[in-house]
There are 4 protein chains.
Amino acid sequence: MIVITSNQTPQEQVNEIIAVIEKEGLQVHLSRGADHTVIGLVGGVTPKLAEHLRQMKGVENVVKISKSYKLASRDFHPEDTVIDIRGVKIGGENLVIMGGPCAVESPEQIDEIARLVKASGGQVLRGGAFKPRTGPYSFQGVGVEGLTMMAEAGKRHGLLTITEVMTPEYVDICAEHADILQVGTRNMQNFDLLRKLGTCGRPVLLKRGFSATYDELLNAAEYILAGGNRDVMLCERGIRTFETYTRNTLDLSAIPVLQNLSHLPVISDPSHGTGRRELVEPMAKASVAAGANGLIIEMHTDPDNSMTGDGVQSLFPEQFDKLLRDLEKLAPLVGRRFSNSLEAAPAL
Amino acid sequence: MIVITSNQTPQEQVNEIIAVIEKEGLQVHLSRGADHTVIGLVGGVTPKLAEHLRQMKGVENVVKISKSYKLASRDFHPEDTVIDIRGVKIGGENLVIMGGPCAVESPEQIDEIARLVKASGGQVLRGGAFKPRTGPYSFQGVGVEGLTMMAEAGKRHGLLTITEVMTPEYVDICAEHADILQVGTRNMQNFDLLRKLGTCGRPVLLKRGFSATYDELLNAAEYILAGGNRDVMLCERGIRTFETYTRNTLDLSAIPVLQNLSHLPVISDPSHGTGRRELVEPMAKASVAAGANGLIIEMHTDPDNSMTGDGVQSLFPEQFDKLLRDLEKLAPLVGRRFSNSLEAAPAL
Amino acid sequence: MIVITSNQTPQEQVNEIIAVIEKEGLQVHLSRGADHTVIGLVGGVTPKLAEHLRQMKGVENVVKISKSYKLASRDFHPEDTVIDIRGVKIGGENLVIMGGPCAVESPEQIDEIARLVKASGGQVLRGGAFKPRTGPYSFQGVGVEGLTMMAEAGKRHGLLTITEVMTPEYVDICAEHADILQVGTRNMQNFDLLRKLGTCGRPVLLKRGFSATYDELLNAAEYILAGGNRDVMLCERGIRTFETYTRNTLDLSAIPVLQNLSHLPVISDPSHGTGRRELVEPMAKASVAAGANGLIIEMHTDPDNSMTGDGVQSLFPEQFDKLLRDLEKLAPLVGRRFSNSLEAAPAL
Amino acid sequence: MIVITSNQTPQEQVNEIIAVIEKEGLQVHLSRGADHTVIGLVGGVTPKLAEHLRQMKGVENVVKISKSYKLASRDFHPEDTVIDIRGVKIGGENLVIMGGPCAVESPEQIDEIARLVKASGGQVLRGGAFKPRTGPYSFQGVGVEGLTMMAEAGKRHGLLTITEVMTPEYVDICAEHADILQVGTRNMQNFDLLRKLGTCGRPVLLKRGFSATYDELLNAAEYILAGGNRDVMLCERGIRTFETYTRNTLDLSAIPVLQNLSHLPVISDPSHGTGRRELVEPMAKASVAAGANGLIIEMHTDPDNSMTGDGVQSLFPEQFDKLLRDLEKLAPLVGRRFSNSLEAAPAL
């Protein structure tokens, strides 16, 4: 870390800054310029020390050189993390496909969609039992029952399942029924939820907050990793910009950037990332071309009648199938291959 | 609500749309243009119907005319809401001043700051016991003990208290110790938390998400109101933009806009809204000039050594005092007067 | 167009609005709801009428149904525009590659880079003679001389050339020396420049303003088209967001969206769109996978010593070559093939 | 300036970096940390050297400590710039009021509005002869004739005049007729225009680009100042954010920030900054409370029939008058007083 002071800072203040640093057992390298004095710190800087220095009198700027997250960083863990869930591998050169409806609506609906996801070559069934909705009068999901409906559909068709958990209280029951727990964009900095997920015993897909920086996303992942759970996937799902034609702006640069900064798998969500069905196919292909480790895509057998209104961004089954066929050709050109299927899909 | 279909939509699809509307008992007004047909709906449109229509084939656009929130709307409740907490009035022509440190650090710290807030004419003591922090290795607050430290300081000096609650599990204990519960910017759409606050029995200050629209903020308030709690204050605390010189961009237009759309009091937070001490004074004055019903301001007796690093945006006590003196003169020019003090401040 | 009035608008005001519409020879369709009256306009609405209506008393909202641009719209021109410049086709299924340095620096520099662009299979040489720079003390380009240096390099190696023009005064001289004129992101709404380009006799590549909506970009293109110049390419080059790790956020959704709304070719600029060399390759591939009609990429033989400081986003020649090899394989999977070369590249 | 290299940078690369710095006659201060080596530069760093260093191999980051603009900086010119135009003072403790229509429409219109601006206590008449419009089919202003209409109205009523100039070609004729030339938000980085204004002999009001940083605005001002024109005013007129309820988000923090960084007067435009008439009054007051040196406000005698459609943000004359009465009371509380009137307003 570097602390910059102005040339108008009196010497006693500079000395005070230095004293604070040395009290923590760190070394100081001083560099005097024409207008500024630069104080370099050598050794491990605690967040508290950094905060203290930033607000001391005479300090103009504090420049972090090292990152604030550690377990999520590629410096700390140079190899790609590959998560293995009963034989389905996520990360590295594997391309995982998660598909399904926005919300679980009925046993028949989720079963039929699971059948189609499996038939097209997907590995994971997505579906929400608890739905975060902007207003209190919108459909809020079918609740706990939805978890069992989805678990059964997954089992029957040999698919892993992923579902969103919105509050610490429901982590245990979701972990009981689903293979992967998802943190939604509005909860990326719900720190109590993240802490609870650190000990939930299930892999977590962490969606980027719709206005979160890469650094904030990796710090949120650090909360889960620091709790002991090393199976975290990062998910780019679109950011909020001034453009209103699309629901969000899918930031595909996030894929190579996060893969450079971190070892964790990066999944792309072109459905929420665009909010428009006709854009899902091109943006899914672009995601894979940019190096994504997987896709999470909304598909519905009757999107015009979906209960959440997200049908406008859901693919029809035949579009989903066609997309996966195209991706099988595209993936090898960028060093990806479809993840293998669930081991020993149990008969029912 | 208005549904717009293209001129290329076949008649049977238009009929299907009309059938869906009429099935819900609503009337239809049809208006055919050169390129589009416009279908007007008369009667109460449920969110589910709106969602269904948006995703039907042939529908180009659905334009909401009425608002999605109701209890928060000024149409529903034309008079200003004035919240009365033991004689301290918030809303209407009253200007409430909330002051205190970012975090409660010790009984001595919070007691001394409470004394100063009271002496300068503030009515509410702010202070965090639980702190939301970007990374897991930063200071997370002193926890439950902080609640009692702050409650005692408030009692001793005749101040109301406000503190942030981050998760549903802690609502009850916070409500036991604090007069007002605060929802932070990262939790504005933590819907389980909002629902719990709807029945907590305490007034709530709801901070705008740092990338939330006015509409989303009012819908979040609607969650709390719909639970039965009518004592909600809205708080503008800065939004995230491309500018990095300030920590956030304080959006003062939010004040008159929210007051037009809603009857709820609007509080401004120039401390988080700018992140820089030297900007707090001008932006506090600007907030009042724009019509704010109150201010929440960070003040610290030793900001250089604050535990959260937010000292850089905390006023020194003498600055806080000077600001309040200036505001006493400014307030009457825009139809505001300082809120009265706590009734019968109990002796200790 | 639709005009919405509140239920509190007196009848005489509604009548006045209707009178204004009918005076323009348009028909009115009236639709009365519980809370609002909706006035539909049938016929061609002039911008002036729209503006007038928007500000009349009693008008709550005016909803445009038709687009404000016409010549740029796919409704008006359903087939893809394919621009043919001496045999090099841009648009439709052709993928055009434009490569070269940020700035022309010397005859030797631009000649050597032209040779490499050609050898790798590019069709267009890019290079700036006039450089838009944030501050007045930065290198501003070599000026007019650069135009002739680039023209000669293009001729010698059988490449088309593209260069940026910043002000109406220089359009003629740029058009004399370059095959394609480029409008930079800061000039997308330099309307005098756009008007001048409408009659310049050269194809124009119009870069999206870094905070411009799709609608504004298409309206800017409309200025050029309306002047009589139908050879316009749209260019996505990154938008400004809150993220600071990348220089801009490349919005790849722009590619399919603009291709849906318009018939004009869409070119992607992953160099400025990311500002980091290591992101150019993945984002170039993602651009093609999303359906781009071409790429404009910075390449430099000695990026560490480039005069503009944009070397950090320039590919080395071997990276550029490798990328084009990869794109040759990727393009056919998304219905694209490399544009053919310049006809009869003249010997010097 | 500081150059940061990683601990994995080989020594010969570090030496190369140092050699480059020393070749320019600057001294180097080296500071070795655990993970990074920090190279401090002592002396005047040219932009070209900075750019060169940024892109050298082994360089991780370059941190500017000094600002890139100089003439615009308060470090360079500690006292407030006060521009004196025939006795009307702009800057310092003076509060200047500029009012008038969006566009000049006719001699009668501009004359009547000038009369009202003067009667209410304004000093400057605003009005556009050339209008920047998103699409080519919208009203583009009455052109050169508008300049003489406005000049005459200003003369008759003893007001200075301000008008927008959009392209270098028109600077001379605008300078002939108007007292102040305005650069619009879309032209803030029209560098040829800025350069021309550097020698135009008239004070310039430079509007902030709707997505420009403070630093970019000050660098744009530097272009004009560097040309020899020291009479530059900065204008905050709203930035583009995700919020669509207001036309722009007026960033009032810009006022104290720009006044801290620079000595130039800062004017606020609450009309374009909000785009809604009902927000102009509160945001005008907030601007003054935040310390603005002046306001530029749209006022129209018949806003419902204004030719540009900007009538929705224009005050009625009685609102304008009432606002100025209120501001006369507010200004002294924040150290401002109304600018004096034009000296010796000539009779006609």
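Residues numbered from 1 in each chain as written. Chains lettered and ligands numbered in written order. Predicted model: local features only at pLDDT ≥ 70, side-chain atom pairs only at ≥ 80, totals over all residues. Heavy atoms only, no water.

(A) Representation of the interface of chain D and chain C. Contacts between the two partners involve 49 residues from chain D and, on the opposite side, 50 residues from chain C. Around 4,100 Å² of area is buried between chain D and chain C when both sides are counted, 48% of it from carbon and sulfur atoms. Among the residues chain D hides against chain C, the three largest losses belong to D:Gln55, D:Tyr137 and D:Asp304. Together they make up 17% of the total. Linking chain D to chain C there are two salt bridges. In this structure, D:Glu216 engages C:Arg240 in a salt bridge whose closest nitrogen and oxygen atoms are separated by 2.7 Å. Where chain D touches chain C, the interface holds 17 residue pairs in polar contact (both at pLDDT 80 or more). Of all the secondary structure elements, the ones that give two or more residues to the side of chain D that touches chain C are α2 (47–54), α6 (191–197) and α7 (214–226) of chain D. The dominant element in the side of chain D that touches chain C, judged by the number of residues it contributes, is α7(D), at six residues. (Contact = heavy atoms within 4.5 Å. Buried area = accessible area lost by both parts, 1.4 Å probe. Salt bridge = Lys/Arg side-chain N within 4 Å of Asp/Glu carboxyl O. Polar contact = N/O pair within 3.5 Å; in protein donor to acceptor, adjacent residues only side chain to side chain. Helix = DSSP H or I, 4+ residues; strand = E, 2+ residues; numbered from the N terminus.)

(B) View of the interface of chain B and chain D. Contacts between chain B and chain D engage 35 residues on the former and 35 residues on the latter. Broken down residue by residue, the surface that chain B buries against chain D is led by B:Phe242, B:Tyr245 and B:Leu333, which jointly contribute 20%. Remark: the boundary between chain B and chain D carries two salt bridges. The salt bridge partner of B:Glu243 is D:Arg208, with a shortest N-O separation of 3.7 Å. On the surface where chain B and chain D come into contact, there are two residue pairs in polar contact (both at pLDDT 80 or more). The biggest single contributor to the side of chain B that touches chain D is helix α10 (residues 277–289) of chain B, with seven residues. Its residues placed into classes, the side of chain B that touches chain D shows 20 nonpolar, eight polar and seven charged. (Nonpolar A, V, L, I, M, F, W, Y, C, P; charged D, E, K, R; others polar.)

(C) Spotlight on the relation of the copies chain B and chain D. It takes a turn of 180° to lay chain B on chain D, together with a shift of 0.1 Å along the axis; the resulting RMSD is 0.1 Å. On this basis, the relationship between the two copies can be described by a two-fold rotation axis. Among all C-alpha atoms of chain B, that of B:Ala286 lies closest to the rotation axis, at 2.0 Å. Most of the interface of chain B is mirrored in chain D: 100% of its interface residues are interface residues there too. (Least-squares fit on C-alpha atoms with pLDDT ≥ 70 in both.)

(D) Representation of the UniProt feature "domain: DAHP synthetase I/KDSA" (unreviewed entry) in chain A. Per the UniProt record, "domain: DAHP synthetase I/KDSA" (unreviewed entry) is found at residues 82–327 of chain A. Along residues 82–327 of chain A one finds 37% helix and 17% strand; the C-alpha atoms at either end are 21 Å apart. (UniProt positions renumbered as here; feature names shortened; annotations may be inferred.)

(E) Layout of the environment of B:Thr5. As for its placement among the helices and strands, B:Thr5 is situated in strand β1 (residues 2–6). Residues B:Thr5 and B:Arg32, 27 residues apart in the sequence, show an inter-C-alpha distance of 9.6 Å.

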